[in-house]
Amino acid sequence: MGIETAIGSPAITTQLDKVVNWARKYSLWPMPFGTACCAIEYMSVVSSHYDLARFGAEVVRFSPRQSDLMLVMGTINTKMVPILKRIYNQMCEPKWVIAVGACACSGGLYNNYSVVQGIDQYIPVDVYVPGCPPTPEGIIHGVLKLWEKIEKESVKDWK
Amino acid sequence: MSDIEQSLREKFAEDVMAVSDFRGDLAITVRRERIADVGAFLLSPEGGAFAMMLDICGVDYLGREPRFEVVYHLMSLETKERVRIKAQVSEGDPTVPTVTHLWKAANWFEREVYDLFGITFSGHPDLRRILTHDEFVGHALRKDYPLDGRQELSRPTPFAEE
Ligand code: SF4
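Residues numbered from 1 in each chain as written. Chains lettered and ligands numbered in written order. Predicted model: local features only at pLDDT ≥ 70, side-chain atom pairs only at ≥ 80, totals over all residues. Heavy atoms only, no water.

Draft legend 1. The arrangement of the site of the ligand in detail. Residues and elements named next belong to chain A. Every residue lining the ligand is accounted for by Ala36, Cys37, Cys38, Gly74, Thr75, Ala102, Cys103, Tyr110, Gly131, Cys132 and Pro133. The set of elements that each furnish at least two residues to the shell around the ligand consists of α3 (37-46) and α5 (101-106). The class makeup of the residues in the shell around the ligand is eight nonpolar, three polar and no charged. (Near = heavy atom within 4 Å. Helix = DSSP H or I, 4+ residues; strand = E, 2+ residues; numbered from the N terminus. Nonpolar A, V, L, I, M, F, W, Y, C, P; charged D, E, K, R; others polar.)

Draft legend 2. Focus on the pairing of strand β3 (residues 96-100) of chain A. Residues and elements named next belong to chain A. For β3, the buried fraction is high: five of the five residues fall into the buried class. A two-sided burial pattern is seen for β3, the buried positions comprising Trp96, Ile98 and Val100 on one face and Val97 and Ala99 on the other. As a crossover connection, the stretch from strand β2 (residues 69-73) through helix α4 (residues 81-90) into β3 is right-handed. Where β3 and strand β4 (residues 127-129) come together, three bridges link them in parallel fashion. Paired with Val100 across the strands is Val129, a residue of β4. (Buried < 20%, exposed > 50% of the residue type's maximum accessible area, 1.4 Å probe, protein only. Right-handed = clockwise from strand over helix to strand, strands pointing away. Pairing = 2+ DSSP bridges.)

Draft legend 3. Molecular detail of α4(A). Residues of α4(A) that are buried include every one of Val81(A), Pro82(A), Leu84(A), Ile87(A) and Tyr88(A), and no others. The elements touched by buried residues of α4(A) are β1 (30-34), β2 and β3 of chain A. (Contact = heavy atoms within 4.5 Å.)

Draft legend 4. Quick peek at the sheet that holds β4(A). All names here are of chain A. On the basis of which strands lie adjacent, the open sheet formed by four strands has the order β1-β2-β3-β4 and parallel pairing. At either margin of the open sheet sits one strand with a lone partner, and together these are β1 and β4. Sheet twist, expressed as the average angle between the axes of neighbouring strands with direction ignored, equals 20°. Two elements, β1 and β2, share five bridges in a ladder whose sense is parallel. For Met31, the partnering residue across the bridge sits in β2 and is Met70. This element, α3, spans β1, β2 and β3 of the sheet and lies at about 125° to β2. (Axes fitted to C-alpha atoms, helices over the stretch in contact; angles between N-to-C directions.)

Draft legend 5. Molecular detail of the environment of Leu84(A). Residue and element names in this part refer to chain A. With respect to the helices and strands, Leu84 occurs in helix α4. Under the relative-accessibility criterion, Leu84 is labelled buried at 0%. For the pair Leu84 and Glu41, spaced 43 residues apart in sequence, the C-alpha to C-alpha distance is 20 Å. Apart from the residues within four sequence positions on either side, Leu84 is in contact with Phe33, Met70, Val72, Ile76, Ile119 and Ile123.

Draft legend 6. Up close: the sheet that holds strand β3 (residues 52-60) of chain B. Residues and elements named next belong to chain B. Pairing in this open sheet of five strands is mixed, and the strands run β1-β2-β5-β4-β3 from one edge to the other. Only two strands of the sheet have a single neighbouring strand rather than two, namely β1 (16-22) and β3. Within the sheet, the average angular offset between the axes of one strand and its neighbour, ignoring direction, is 20°. Relative to strand β5 (residues 82-89), strand β2 (residues 25-30) runs parallel, the two sharing four bridges. Paired with Thr29 across the two strands is Lys86, which belongs to β5. Strands β1, β2 and β5 of the sheet are contacted by helix α1 (residues 3-12), whose axis makes an angle of about 175° with β1. Together, β2, β4 (68-75) and β5 form the strand contacts of helix α2 (residues 35-43), whose direction differs from that of β5 by roughly 170°.

Next up, the structure:
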């Protein structure tokens, strides 16, 4: 097969994007921005029964500088917004955001003076997971949807 | 007439403005200027030793005069009795004496009532907003505050203030 036979058996040719995206999607390091009940659901996602480790995303980091996936799980109010933005800005690229639950996606139940009607008003969101709260399967489905997105990216997209 | 009501009527006479005893939930409205004195009496052994301040809340009866009410929820750890003390507050002069010197727990409760209703507590050691952020204008639980009156904050709230 072309160049691979010419240079010998241990070599495989591929595209840089494919290798990098393959590595990135199987080693997401989540930063849990859990502010309410949805974060409780996330605890079962990372625990042994649902086990997010099967999808390579079990290394939960509470430091945004060591993470590339921000999971916003819970109600965000206006007082919290500057903190949310600061933590998002502290994450190194490439980085992705999943809005977990109705609250993070749209404000959920709470249409009042204090609750943000969707975090996408302030930070970019890649995947929205509906539900109040979403089931653990739903959150895992969100991670798999993010994989599909990562597969379509290019190394040139990120700084 | 319950014992608490009787002893309050004896001690404070006409400062006790109204009493309601709905299915065992005793609520006594007193003149707001005397709230700290009533509190000190209820805290003392002869007043029932109501040592636990469960909550202080504000109520906005928009359209009524006086417009606001502050409700103190007390519990006695000795008799396990509960009582609510109410003070009516007008919109023109929304001030109530503090009870922080009697119950330490009252500190944050009074800040909450101040934050959300704009009722000030004279003599409070540190009357700042506690729930809404410090750039917030107005008082969110007043009935005439708009439901969607969101106000943005420009910077993170400091965790500790010197
Ligand atoms: S979406 Fe529902 S479960 Fe999730 S944080 Fe909001 S209220 Fe709680």
